[in-house]
Amino acid sequence: MKWADEGIVIAITPFSEDQARLSLLTRANGRQAGLFRLSKRQASLQLGDFTSANWNARLAEHLGRFQIERLDSFAPRLFQDAWRLWLLQNACGLMAILPDRHPYPTLFEELLSFLKNLSETTDHSAFIQMNLFEKLILAELGFGIDLSMCCVTETKENLTYLSPKTGRAVSTDAAIPYVDKLLPLPSFWLNDNLIGHTSTWDEILNAFRVTDYFWQKWLFTEKQTFPSVRTEIIKYCEKKNLS
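Here the structure is a predicted model, which is why all the values come from computation and not from measurement.

**Regarding the packing of helix H1 (residues 82–94) against helix H6 (residues 230–242)**
Reasoning step 1: The contact between H1 and H6 brings their axes to 9 Å, and the two run at 135°. Taken together, the axes of H1 and H6 are oblique relative to one another. Relative to H6, H1 is oriented so that their crossing is left-handed. In this structure, H1 uses Trp-83, Trp-86, Leu-87 and Asn-90 to contact H6, whose residues at the interface are Arg-230, Glu-232, Ile-233 and Tyr-236.
Reasoning step 2: When grouped by side-chain class, the residues that make up the contact of H1 with H6 number five nonpolar, one polar and two charged.

Written as structure tokens, this is what we have:
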């Protein structure tokens, strides 16, 4: 059993003295694990690296082995700001929720685009994009948040809240009797063009709380949680909100 594909390194852990266990998000083969032989002649792989990968195993269900050629490395461009590295680590770590070997081409393309742009974007834009990526993962796994209309009145105007039970939008007027029980709907979730978007840091912080709520409700088991670095992301949003 073998295949060749492009992949993003989403996890790398030591396996033995001369081998590492890699997890890649590939374009056509989904999340795939395998062993990779370390070499002193080859620079070590880093989280987020974009690679050309060949995987082979005797049987499809075996762990298998990778032969890797690095095509690009994003992490070295991010060291000027800790928050950039946090976002890279969070984005890659979130991929652990995906089932093995199921292709998610949209997630692959969005993750690659996010990592490519991360070294040049502002923190404001990058944190919005990170939150939208968390929302996209929900949708790709079948838990899409429905923003098409108000779930009470079916109006498409003034959508400002979300039902915590269904993930459907609620309009301002329809929300009045239930406002204390609803979640705030981030305005940038409704806007396809984020250029020049004026969301406050308070809104960005609340957006992460909303994705946190739905991930906990729909995706995580008792032993699953967000990557540990997400705590730093929330703290950064809180600090920016107070400044």
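That was the structure; now back to the text.
**Comments concerning the pairing of strand S2 (residues 19–26)**
Reasoning step 1: Of all the eight residues making up S2, seven are buried; the element is thus mostly covered by neighbouring parts of the structure.
Reasoning step 2: For strand S1 (residues 2–16) and S2, the ladder comprises eight bridges, and the chain directions are antiparallel. Its bridge partner lying in S2, Ala-11 is registered against Ser-23.
Reasoning step 3: Hairpin remark: S1 followed by S2, antiparallel, with two residues in the connecting loop.
Reasoning step 4: Linking two consecutive strands that pair antiparallel, namely S2 and strand S3 (residues 30–37), is a turn of three residues.

**Observations concerning the layout of surface pockets**
Over the atoms, a rolling probe the size of a water molecule traces out where space has been left empty.
Reasoning step 1: Roughly 280 Å³ of internal volume is contained in the largest pocket.
Reasoning step 2: Taken together, Glu-110, Ser-113, Phe-114, Asn-117, Leu-118, Thr-121, Ser-125, Ala-126, Gln-129, Leu-132, Phe-133 and Leu-136 form the lining of the largest pocket.
Reasoning step 3: Where the lining of the largest pocket is concerned, the elements lending two or more residues are helix H2 (105–117) and helix H3 (123–140).
Reasoning step 4: Sort the elements by how many residues they give to the lining of the largest pocket and H3 lands first, with six residues.
Reasoning step 5: In terms of residue class, the lining of the largest pocket is made up of six nonpolar, five polar and one charged.
Reasoning step 6: Considered as a void within the structure, the second largest pocket measures approximately 210 Å³ in volume.

Basis of the calculations
Residues numbered from 1 in each chain as written. Predicted model: local features only at pLDDT ≥ 70, side-chain atom pairs only at ≥ 80, totals over all residues. Heavy atoms only, no water. Axes fitted to C-alpha atoms, helices over the stretch in contact; angles between N-to-C directions. Helix = DSSP H or I, 4+ residues; strand = E, 2+ residues; numbered from the N terminus. Parallel < 35°, antiparallel > 145°, perpendicular 65-115°, else oblique. Left-handed = near helix turned anticlockwise from the far one by under 90°. Contact = heavy atoms within 4.5 Å. Nonpolar A, V, L, I, M, F, W, Y, C, P; charged D, E, K, R; others polar. Buried < 20%, exposed > 50% of the residue type's maximum accessible area, 1.4 Å probe, protein only. Pairing = 2+ DSSP bridges. 1 Å grid on protein atoms, 1.4 Å probe; cavity = no way out; pocket = protein on both sides within 12 Å on 5 of 7 lines; lining within 4 Å. Points joined across faces, edges and corners; volume = space filled by probe spheres on them.

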